Amino acid sequence: MIDALFLSPPRRYDGSQYLFNNATLQLASYLIQRGQSARIEPLFGSNWRERIDRAIETYQPRWVAVSCKWWDTVYGAVQVAEHVRRHHPEVRLVTGGQTASSFAHAIIEKTPFDAVITGDAELPLLQLVQGEPSCNAFLRD
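Reading guide: rules and limits
Residues numbered from 1 in each chain as written. Predicted model: local features only at pLDDT ≥ 70, side-chain atom pairs only at ≥ 80, totals over all residues. Heavy atoms only, no water. Salt bridge = Lys/Arg side-chain N within 4 Å of Asp/Glu carboxyl O. Helix = DSSP H or I, 4+ residues; strand = E, 2+ residues; numbered from the N terminus. Buried < 20%, exposed > 50% of the residue type's maximum accessible area, 1.4 Å probe, protein only. Contact = heavy atoms within 4.5 Å. Axes fitted to C-alpha atoms, helices over the stretch in contact; angles between N-to-C directions. Parallel < 35°, antiparallel > 145°, perpendicular 65-115°, else oblique. Left-handed = near helix turned anticlockwise from the far one by under 90°. Nonpolar A, V, L, I, M, F, W, Y, C, P; charged D, E, K, R; others polar.

## Thoughts on the pattern of salt bridges
Scanning the entire structure with this criterion turns up four salt bridges. One salt bridge in this structure joins D114 and R85, with 2.8 Å as the shortest N-O distance. Highlighted residues: D114 in the loop between α5 (104-110) and β5 (115-117) and R85 in helix α3 (residues 74-87), separated in sequence by 29 residues. The exposure class of R85 is partly exposed, given its relative accessible area of 24%. Taking relative accessible area as the criterion, D114 reaches 8% and is therefore assigned buried. Sharing partners across several salt bridges, the network here consists of R85, R92 and D114.

## Describing the environment of G96
The residue G96 is located in strand β4 (residues 92-96) in this model. Once the C-alpha coordinates of G96 and I117 are considered, the two residues, 21 residues apart in sequence, prove to be 4.8 Å apart. Apart from residues lying up to four places away in sequence, G96 is in contact with V66, S67, C68, K69 and I117.

## A word on the packing of helix α1 (residues 23-33) against helix α6 (residues 122-129)
Taken N-terminus to C-terminus, the directions of α1 and α6 make an angle of 55°; their axes are 10 Å apart at the nearest point. By the criterion of interaxial angle, the relationship of α1 to α6 is oblique. For the pair α1 and α6, the sense of crossing is right-handed. Along its contact with α1, which presents Q26, L27, Y30 and L31, the element α6 presents E122, L123, L125, L126 and V129. Per-class residue counts for the contact of α1 with α6 are seven nonpolar, one polar and one charged.

The analysis is restricted to geometry; functional conclusions fall outside its scope.
Below, the structure written as structure tokens:
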């Protein structure tokens, strides 16, 4: 079991035009340096849903963190969240990034995400994974 699985969503329904978000490398490293466990799974190609399922079954994350940095990742981020919620309802979902920060209230109200981190994500993500969120996070519950 790991604390966080980071997913960079596909930009198109068919998994094409993928662009890796390098911020996930830094965030995963930040968590690992502070005693948490993390993995990254890129979601590209037409089998991106199978990649999600395989990664969740393999790593059994408590949290799945889905990048929503750019405006053209909103659709993919929501598709990933809906897939995770439907097939792995025990996993908690968090998103962050510039676009997620701008639409945090709407994301919490209208999507399956449990949390949205606004602004810099390092400390709030660590706190969220540790169960003690106290800054920069909108929470569903």
